[in-house]
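Okay, here's what each chain looks like letter by letter:
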Amino acid sequence: MNELYNMIYKRKSIRKFDSSLSVSDEELELIKSQFEKVIPLIPEIKIKFEIVKKSETTAKYGEYALLFYSENKDNYLLNAGYVLEQMDLFMASINIGVCWYGMAKPKSDFGSGLDYVIMLVFGKSKETDFRTDFSNCKRKSEAELFSGDFDKEILNLVRYAPSACNSQPWRASFDDNKIKIYRNTKVKSFIPFVKLPYYNSLDMGIFLCYLEIILNKHEYKLERTIINKNEKDSLGWIEIAEYKL
Ligand SMILES: Cc1cc2nc3c(=O)[nH]c(=O)nc-3n(C[C@H](O)[C@H](O)[C@H](O)COP(=O)(O)O)c2cc1C
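Position numbers for residues start from 1 in each chain and track the written sequence from start to end. The predicted nature of this model means local features are confined to residues of pLDDT at least 70 and side-chain atom pairs, given and counted, to a pLDDT of 80 or more, with totals for whole chains, interfaces and linings taken over all residues. To get the side-chain values, take all heavy atoms of the structure and skip hydrogens and water.

The name given to the protein in an unreviewed UniProt entry is Putative Nitroreductase, and the organism recorded there is Acetoanaerobium sticklandii.

Dropping the structure here:
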């Protein structure tokens, strides 16, 4: 995933598309072949994608939608976020603008027995449509999200992961030997309360993808454990994963 690192500075949600541009057949093939190369977080979970025209969905923008389907097993949303964020970053590298789109749904079932999870809408964009100064985008401060004394550049960069309604549910403690990752169940967001665990679990998978790309780039060796306890601590945080460094 190392090759995706620079795209962390470039990607952003793209919702306006120039109708004079379109995604070429070659680009569609590239996207399909990239999906075969993504690294899953949990390889045992069966996943599938389908690329359809926007008109096959209720999405309001984009030329196409990448529909994501999965077996509904433990941590399947975490896996979905982790896999699809690799696609989001890859598409930025070929100037395909993407927006994660939880509000839209496919009009028919393309899942062949797997559960529909979420879509990324996309369309051809110009280099200038992407982020040029990523420090301008709104994110919570390091102090609000993280504790511990760690490489400041890493703590700064990992905050730029995208999340549903920019809710940024991730919290983490860092030390030289171990990183612990939590989902804050008390985020303030426009997302209806009952839907928060769903979207924020996808967000946590996105965050793990960002964290691993950034740590790998800084040559950390990682040993990841996914935690399945699903218990809130006194702050309302649920531990999701631990990394031994
Ligand atoms: C799981 C998920 C669902 C999202 N759903 C929508 C959506 O339905 N509509 C939309 O306009 N943006 C959606 N977004 C995009 C977020 O609003 C966006 O990522 C966030 O505000 C951060 O901005 P950025 O992506 O430009 O960095 C979604 C993002 C994620 C990760």
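This part covers the site of the ligand. Neighbouring residues are identified by heavy atoms, a residue being near a molecule or strand if any of them is within 4 Å of it. Around the ligand sit 20 residues in total, of which R11, S13, R15, Y61 and R139 are the nearest. N or O atoms closer than or at 3.5 Å make up a polar contact, with two conditions inside protein: a donor-capable atom paired with an acceptor-capable one, and, for residues adjacent in sequence, both atoms drawn from side chains. S13 is positioned with one of its side-chain polar atoms (N or O) 2.5 Å from an oxygen atom of the ligand. The separation between an oxygen atom of the ligand and a polar side-chain atom of R15 is 2.7 Å. Here the Shrake-Rupley method, with its probe set to 1.4 Å, supplies the accessible areas, and only the displayed protein chains count as covering residues. Here the ligand has 620 Å² of accessible area as a free molecule, and 86% of this is covered by the chains. At the level of secondary structure, the elements contributing two or more residues to the shell around the ligand comprise β3 (96–101) and α6 (196–217). For the shell around the ligand, the leading source of residues is β3, giving three residues. Ten residue types, Ala, Val, Leu, Ile, Met, Phe, Trp, Tyr, Cys and Pro, are classed as nonpolar, four, Asp, Glu, Lys and Arg, as charged, and the remainder, Gly among them, as polar. Its residues assigned to classes, the shell around the ligand shows ten nonpolar, four polar and six charged. No fewer than three residues from each of domain 1 (2–129) and domain 2 (138–244) sit in the shell around the ligand. Going along the chain from the N terminus, every DSSP run of H or I of four or more residues is numbered as a helix, and every run of E of two or more is numbered as a strand. For the domains described, the bounds stem from an automatic or database domain assignment.

Here we come to the pairing of strand β4 (residues 115–124). Only protein chains enter the accessibility calculation, which uses a 1.4 Å probe; a residue is then buried when its area is under 20% of its type maximum, exposed when over 50%, and partly exposed in between. Counting buried positions along β4 gives eight out of ten residues, so the element sits mostly inside the fold. Relative to β4, strand β2 (residues 64–70) is paired through seven bridges, and the arrangement is antiparallel. Within the sheet, the bridge partner assigned to A65 lies in β4 and is V121. Should DSSP find at least two bridges between two strands, the strands are regarded as paired. The pairing of β3 with β4 spans six bridges and is classified as antiparallel. Bridge pairing links V98 to F122 in β4.

In this section: the packing of helix α2 (residues 25–37) against helix α3 (residues 76–93). In the contact formed by α2 and α3, the axes pass within 10 Å of each other and the chain directions differ by 145°. Crossing handedness for the pair α2 and α3: right-handed. For the pair formed by α2 and α3, the contact residues are L30, I31, Q34 and F35 on the first element and V83, L84, M87, F90 and M91 on the second. Taken together, the residues of the contact of α2 with α3 break down into eight nonpolar, one polar and no charged. Axis definition: a line fit to C-alpha positions, over the contact stretch in the case of helices; interaxial angles, taken between N-to-C directions, run 0 to 180 degrees. Crossings are classed by handedness, with left-handed meaning an anticlockwise turn of the near helix from the far one by less than a right angle and right-handed meaning a clockwise turn. A contact between two residues is defined here by any heavy atoms of the two lying within 4.5 Å.

The next subject is the nonpolar core. By size, the foremost hydrophobic cluster in this structure holds 76 residues, and its most contacted members are L66, M91, F122 and I181. Each of domain 1 (2–129) and domain 2 (138–244) accounts for three or more of the residues forming this core. Residues V52, L67, A104 and L114 belong to the second largest nonpolar core, which totals twelve residues. By nonpolar core we mean a set of buried residues, namely Ala, Val, Leu, Ile, Met, Phe, Trp, Tyr and Cys, connected to one another through side-chain atoms within 4.5 Å.

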